[in-house]
Amino acid sequence: VSTSRDIERYAGLFAARTRVMKSSAMRDLMAVTARPEVISLAGGLPDTSTFPPDTFAAVAQRIASESCAKALQYGPTEGLDETKDCIAQVMAAEGMRVAPEDMIVTTGGQQVIDLVTKTLIDPGDVVIAEGPTYPGAVPVFSAYEADVVQVDMDSDGMRIDLLEETLDRLERHGRTPKFIYTVPSFQNPAGVTMSQPRRRRLVEVAHERELLVLEDNPYGLLRYEGDPPSPLLSLDGGVYVMYLGTFSKILSPGIRLGWVVAPPPVLEKINLGKQGTDLCTSTLSQLMVQAYFEECRWRDYVESLTEVYRARRDTMLDALADHFPRQAEWTRPAGGLFIWVTLPDFIDTTDLLARALRDNVAFVPGEAAFLDGRGRNAMRLNFSGSNEDAIREGIRRIGEVVTEQVELYGTLTGEHQAVRVDEPVAREATPGDNVLPLPKRSARPRRAEGS
Amino acid sequence: VSRVAVLKGGRSLERQVSLRSGARVEDALERLGHDVVALDVGQDLIVRLREAAPDVAFIAMHGRDGEDGTVQELLEILDIPYTGSGVLACVRATDKVLAKHLMIEAGIPTPEFFAFSETAFRELGAADALPAIEERLEFPIVVKPSSQGSALGIKFARSAADVPAALVAAFSYDSRVLLERYVDGRDLAVSILDGEPLPVVEAVPTGDGFYDFEARYEIGRTEFVCPATLPDGLTEQAQELALRTYELLGCSAFGRVDLMLGADGELTVLEANPIPGLTETSLLPQAAEAAGISFDELVGRIVELALERAPA
């Protein structure tokens, strides 16, 4: 059989909503980033090479000898109780206590975004998201024809004052959003964390306005410094906050295992949606997690990942300070996988990516994190998926092309600005600014701590 | 039946488009009964070509390497016949600055332009000449890299304040860029197959804005009218201009020439593409279809032409 690639044959059959699932120049450029010679700081990959193969073998052996038939069978849509026990442990580690019947085990965290959107959104309904937002959520919202309204952030996460203004404005137009999507800790892509007061206020707003919130928390346990603020779920007590968790960043994204916690009436609808999508989450993957949790101290592995990623984050922050011109600004994440860089607005990062690819280095252009065309002068950098040498070299190369463009712009406008600042002058944000624009430039003195 | 190596992908920024062109060509070649070897062009190109020992190479690549004469040169060395234009035509057509200078010399109308290398700005103070250029070309001005296809890196500068950022963007793709007079009018494309112009295609953007990268490859973003409905005599005039451009640059077998029909009724040539897209939304296949040539026939003809040209 030779399948037909002739799209015209099928074009008339596609649903209208597939029209918004569009390809773009950026996506075509991203296709080039997968080539082996490219240092890609574009992905969002955890480093699975740190997982011990012996452990994997022991886990597989245990399933084969103890629960072979079960592992090969369908399971309940909501997930196995054994797996829910493991989930309860993970959530307890972040200070949340959840009953097994209040959660559903899903095929990765991504499925939660899909199921929640499927459950709540009719075409044209409003979803509130952060600006920038998780690029992987964009195609989900688009597929369900949601109208996404993005609320700006600063170094303390989503600006709740702006959120309220936005809600007021929508209300005046007779529109009520169905839910607010947020990644409050170590946000993807911005790397910032929502402060405790803002978390409290967000939960209050949700209660006052009777709005659901989807708290997406894939990285909460990957904290490299400081104390964790409370999860929205624990502040809310499970009334308006739905919670998304995943094993992807603390164990493996390949096993595709996540979960959702939601109020029972919502959970029931999500359950129905999941039945239609895939009947149940992989039993094999669920048993692997169970065997792994019994076999090992899972927190030790998370601890080891934290060590590795902290060093990589520090390397990237140092390299940024060394190689990026002073016109660039970036966030300093206390955890997670990403740094968000903002360049002068005369630089278009999609075009810059084309230039960077000539030097075999890649990043995610900021426009991927917005649905409204903003973000064109920003980029997302991932530090978890590359080793320190690659990070240093990758940042050096990107810094070089950014510097080149800043200089060229200076030449073109006749404003010959000094591009390099080699002496450690004050580069911190101005004191007295209690609301810092996102992104906040990394404070130079931090370097000494890291090294 | 021939053994045909389909060269696609590569490192070009138009990799994705090329993969789609290539996949469609492979399908067609298989339906025609050819023995098809698909090659995603990379480090091992020569080794794999020697291994495959094809009778002919079908170059379904766009942009850098595939369309600029690089791969053609390698195939010459390996003595493998290939589809489309030769090295010289590829070099001329890919370099928009060179192509436009040749057009002017040959009396083919093309929008007025000024071209600069990055060095001119960095070392020769060319920025000081920008106000004079802006006055001459009038806003909006089109700023584009000299050698990139697919509208990547093409910006519209609506005022003097937009020009520097537009230049920075264009220099992301090439070390030479051009500032070109914007022609307000209709987007036309004339494809040529074996020295014969095909029906004119008009691209009509459905939204506002211009025919950009997205619009070019997405079904639904742009409507194509073929044959284009043009005032008397203009179809022939467009075809004649396209053919002259194609011949001027030394293209062979097939190609596509993009033109503008200005609001003043004047035709101008923007550029020539030695390897136009062969995807579902591409213009050459549509033009061929309008002339009663199916995609399979089109691909078959292109292969035959390559084999005919090859020394026996």
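Residues numbered from 1 in each chain as written. Chains lettered and ligands numbered in written order. Predicted model: local features only at pLDDT ≥ 70, side-chain atom pairs only at ≥ 80, totals over all residues. Heavy atoms only, no water.

Q: So what about the overall build of chain B? Which residues, and what values?
A: Each helix and strand in chain B was counted, giving 12 helices and 13 strands. Scaling as 2.2 N^0.38, a compact globule of 312 residues should have a C-alpha radius of gyration of about 20 Å, and chain B matches this with 19 Å. The principal-axis extents of the C-alpha atoms in chain B amount to approximately 60 × 50 × 35 Å. By residue count, 60% of the 312 residues in chain B fall in the buried class. For chain B, contacts bridging at least 24 residues in sequence account for 68% of all contacts bridging at least 6. Carbon and sulfur atoms provide 49% of the accessible area of chain B, an area that totals close to 12,100 Å². Computed over 27 positive and 51 negative side-chain charges, the inter-centroid distance for chain B is 4 Å. (Helix = DSSP H or I, 4+ residues; strand = E, 2+ residues; numbered from the N terminus. Rg over C-alpha atoms; globule rule 2.2 N^0.38 Å. Buried < 20%, exposed > 50% of the residue type's maximum accessible area, 1.4 Å probe, protein only. Contact = heavy atoms within 4.5 Å. Areas by Shrake-Rupley, 256 points an atom, 1.4 Å probe, with all protein chains shown as cover. Lys, Arg positive; Asp, Glu negative; His and termini not counted. Charge placed at Lys NZ, Arg CZ, Asp CG, Glu CD.)

Q: Kindly report on the environment of Thr268(B), identifying the contributing residues and their values.
A: All names here are of chain B. Mapping Thr 268 onto the fold places it in strand β13 (residues 267-273). Sequence separation of Thr 268 and Phe 116 is 152 residues, and the distance between their C-alpha atoms is 22 Å. Once residues lying within four places of it in the same chain are set aside, the contact partners of Thr 268 are Pro 109, Thr 110, Pro 111, Val 183, Asp 258, Leu 259 and Met 260.

Q: Run through the environment of Ile108(B), naming residues and quoting values.
A: Residue and element names in this part refer to chain B. Looking at where Ile 108 falls in the secondary structure, it is placed in the loop between α5 (96-106) and β4 (113-117). By relative accessible area, Ile 108 is classed as buried at 4%. Taking the C-alpha atoms as reference points, Ile 108 and Val 204, 96 residues apart in sequence, are found 24 Å from one another. Apart from the residues lying within four places of it in its own chain, the contact partners of Ile 108 are Met 103, Leu 241, Arg 244, Thr 245, Leu 248 and Val 269.

Q: Pulling in residues and values, what's your account of the sheet that holds strand β1 (residues 3-8) of chain B?
A: Residue and element names in this part refer to chain B. Here we have three strands laid out as an open sheet, ordered β2-β1-β3, and parallel in their pairing. In the strand order of this sheet, the two ends are held by β2 (35-40) and β3 (56-59), each with one partner. For this sheet, the mean inter-axis angle between neighbouring strands, taken without regard to orientation, is 25 degrees. With six bridges connecting them, β1 and β2 associate as parallel partners. Note on β2: the bridge partner recorded for Val 4 is Val 36. Sitting on the sheet, helix α2 (residues 45-52) touches β1 and β2, and the angle it makes with β2 is about 170 degrees. Packed on one face of the sheet, helix α3 (residues 70-78) meets β1 and β3 and runs near 180 degrees to β3. (Pairing = 2+ DSSP bridges. Axes fitted to C-alpha atoms, helices over the stretch in contact; angles between N-to-C directions.)

Q: So what about the side chain of Asp95(B)? Which residues, and what values?
A: Residues and elements named next belong to chain B. With respect to the helices and strands, Asp 95 occurs in the loop between α4 (87-94) and α5. Within the structure, Asp 95 has its side chain in polar contact with the side chain of Arg 176 (distance 2.9 Å). Once residues lying within four places of it in the same chain are set aside, the contact partners of Asp 95 are Ser 146 and Arg 176. (Polar contact = N/O pair within 3.5 Å; in protein donor to acceptor, adjacent residues only side chain to side chain.)

Q: Can you lay out the nonpolar core for me, pointing to particular residues and giving the numbers?
A: As a rule of thumb, nonpolar side chains are buried together in soluble globular proteins. Within the largest apolar cluster, 158 residues are counted, with the highest numbers of intra-cluster contacts made by Phe179(A) and Phe247(A). Residues in contact with Phe179(A), not counting those within four places in the same chain, are Val116(A), Thr117(A), Leu120(A), Ile121(A), Val126(A), Val127(A), Ile128(A), Phe141(A), Leu212(A), Leu214(A) and Met242(A). Leu49(B), Ile59(B), Met61(B) and Leu75(B) belong to the second-largest nonpolar core, a separate cluster that totals 46 residues. (Core = buried A, V, L, I, M, F, W, Y, C linked by side-chain atoms within 4.5 Å.)

Q: Explain unusual backbone geometry to me, using residue names and the numbers behind them.
A: Peptide bonds are mostly trans, and most non-glycine residues show a negative phi. Here the residue pair Gly131(A) and Pro132(A) is connected by a cis peptide bond, since its omega of 5 degrees sits within 30 degrees of zero. Relative to the helices and strands, Pro132(A) resides in the loop between β3 (126-131) and α7 (138-143). Geometrically, the link from Asn188(A) to Pro189(A) is a cis peptide bond, its omega value of 10 degrees lying close to zero. Relative to the assigned elements, Pro189(A) resides in the loop between β6 (179-182) and α9 (196-209). A positive phi is found at Glu138(B), a non-glycine position, where the angle reads about 65 degrees. Tracing the backbone through its elements, the reader meets Glu138(B) in the loop between α7 (130-137) and β5 (141-145). Its identity as a non-glycine residue notwithstanding, Ala253(B) has a phi of 70 degrees, on the positive side. Looking at the secondary structure, you find Ala253(B) in the loop between α10 (234-249) and β12 (254-262).

Q: A description of helix α14 (residues 349-358) of chain A should follow, citing residues and the corresponding values.
A: Residue and element names in this part refer to chain A. The buried count for α14 comes to nine of 10 residues, which makes it a mostly enclosed element. When α14 is considered as a whole, its buried residues turn out to be Thr 349, Thr 350, Asp 351, Leu 352, Leu 353, Ala 354, Arg 355, Ala 356 and Leu 357. Near the N-terminus of α14, the side chain that reaches the backbone nitrogen of Thr 350, with its oxygen 2.9 Å away, is that of Asp 348. Following α14 by one or two positions, Asn 360 has its phi on the positive side, about 60 degrees.

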